[in-house]
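Inside the fold
Residue-level listing of the chains:
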Amino acid sequence: MSGNKGENGRLGLGPFRPLGRKDGRKGPSPNRPNNRSKGARIAWIEWARALGACGVVLLHVFVSTSLATEFVPARAVVYTALGIVLGRWAVPAFFMITGLLLMDPTRQVGWRQVGRYALRMVGVLATYGLAFAVMEEAWASIRDGAGLSPLVLWRSVVDVLSASTWDHLWYVYALLGVYLCVPALRALRDRLGHRGFGALASALFLGVLVIPTFLHLFALVMGGEVFVPAQGLAALPQNLVVGITCFCVGGCLERLPMRWPVIACGAVSLATMLCVSLWGIFAGLGDCGFVFLQGSCFACAYAVFVLVLLRRLVGSGTIDADSPIARLARDSFGVYVLHPLFVHVVLLGVGPGVLPSPLFEVALFVVSMVGSIALTHAMRHVPRLGTLL
């Protein structure tokens, strides 16, 4: 999802190093992600990033609109169901795409390169993350009648340092840590081999995602206790290991064909998220977010299914860099970072009742997408800030 060359589907990130082919010929395998000319973009990855950006914006439209007003239960059910189907796969998929590209053995990825990627995430948090925190602290201070003072800026800095700025930036904090782990993960993959690294990814998936998710599910069924995820600094370790797990799963993704186990896991995961969440709503327990938020094995498995399906449907060929999908894919990180600004501003100005449903949701989605894309392009003309999106 990030806009740097290591993650955007652009090929030729490092010196080309041939791999052995199954047919015995020399040269790279035709299924490898960078078996294309320099500057080409992989079609299915571009589609995944573009659709993922749309899914995230639509998901936040549903979440923010539901928080802005009281709805009849039927509308909450529709929001929850559509959010799970259309949006909950996106962020795990972004981690996986990053893993697929940066774990490619034909690319040289060293500390200098990942250091640039990590510094870019630090820059995003120190600029856009700080700006969002200032907006929130200033609004809270004015709302409470305290007015504006230097304390607003100080509290905003503390919010960024304690990972308490806007919630969606958890992905940026986690991605920062994942980047710093890339050289070690690549060295580990080289030592273990593809099969051994696949076993490691499976073990991480089991220990980090499956076991905790099922423990929360067991507690819900037995005692009606709904797990509440940690916030701020307390959530950083969990989010980091979740990001690393999805990254490692993505590093094994190219060897995963579209066969019945993938289809079955995707279908069961989607059905479980829908059934548990909707049951929680009707039982008065809320949407049981643990079943579809980061850290859910079901969301991760569903993301694997969506990515493998896109690879099967779109293919591993290249796509024109000037096509609408490729352009949206290039803007996907900027869309992710900036879109909540437009969602919140619109909801502060007008209520969901200004238009009938679903016209309001469609309008808010379009405004948020167009606004975040336009602002992303505008910020790219600003020195320093433009290189972050």
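Residues numbered from 1 in each chain as written. Predicted model: local features only at pLDDT ≥ 70, side-chain atom pairs only at ≥ 80, totals over all residues. Heavy atoms only, no water.

A few points about the confidence of the model for the chain
- On average, residues of the chain carry a pLDDT of 88, and 90% of them reach 70 or more.
- Residue range residues 1-32 is modelled with pLDDT below 50. Its contacts to residues more than four positions away, or to other chains, number 93 contacts.
- Counting contacts from residues 34-38, a segment whose pLDDT is below 50, to residues more than four positions away or on other chains yields 16 contacts. (pLDDT = per-residue confidence, 0-100. Contact = heavy atoms within 4.5 Å.)

With respect to the packing of aromatic side chains
- Per the stated rule, a full pass over the model turns up 8 aromatic pairs.
- Put simply, the rings of Phe94, Phe95, Trp170, Tyr171 and Tyr336 pair up and form one aromatic cluster. (Phe/Tyr/Trp six-rings, centres within 6.5 Å; stacked < 30°, edge-to-face > 60°.)

Thoughts on the pattern of salt bridges
- All told, the structure shown has 9 salt bridges when counted by the stated rule.
- Residues Asp144 and Arg143 are paired through a salt bridge, measuring 3.6 Å at the closest nitrogen-oxygen approach.
- Of the residues examined, Asp144 reaches a relative accessible area of 58% and is grouped as exposed.
- Using a relative accessible area of 56% as the deciding quantity, one classes Arg143 as exposed.
- Sharing partners across several salt bridges, the network here consists of Arg41, Glu46 and Arg49. (Salt bridge = Lys/Arg side-chain N within 4 Å of Asp/Glu carboxyl O. Buried < 20%, exposed > 50% of the residue type's maximum accessible area, 1.4 Å probe, protein only.)

Focus on the side chain of Thr376
- Mapping Thr376 onto the fold places it in helix 12 (residues 359-379).
- The contact partners of Thr376, leaving out residues within four places of it in the chain, are Asp331, Gly334, Val335, Leu338 and Leu389. (Helix = DSSP H or I, 4+ residues; strand = E, 2+ residues; numbered from the N terminus.)

Looking at helix 9 (residues 297-314)
- Between the first and last C-alpha of helix 9 there are 26 Å, a value that for 18 residues agrees with the 26 Å anticipated at 1.5 Å per step.
- The element helix 9 is largely enclosed, with a buried count of 14 among its 18 residues.
- Capping of helix 9 at its N-terminal end is provided by Ser296; its side-chain oxygen lies 3.2 Å from the backbone amide nitrogen of Phe298.
- Positive phi appears at Gly315, one or two residues downstream of helix 9, with a value of about 95 degrees. (Expected span 1.5 Å × (residues − 1). Polar contact = N/O pair within 3.5 Å; in protein donor to acceptor, adjacent residues only side chain to side chain.)

A closer look at the side chain of Glu137
- Relative to the helices and strands, Glu137 is located in helix 4 (residues 111-143).
- Taking relative accessible area as the criterion, Glu137 reaches 16% and is therefore assigned buried.
- Once residues within four sequence positions are removed from consideration, Glu137 is found in contact with Val152, Arg155, Ser156 and Asp159.

Description of the environment of Ser149
- Here Ser149 is to be found in the loop between helix 4 and helix 5 (150-161).
- Judged by relative accessible area, Ser149 falls into the partly exposed class, the value being 34%.
- As a C-alpha pair, Ser149 and Ala138 span 11 residues in sequence and 8.7 Å in three-dimensional space.

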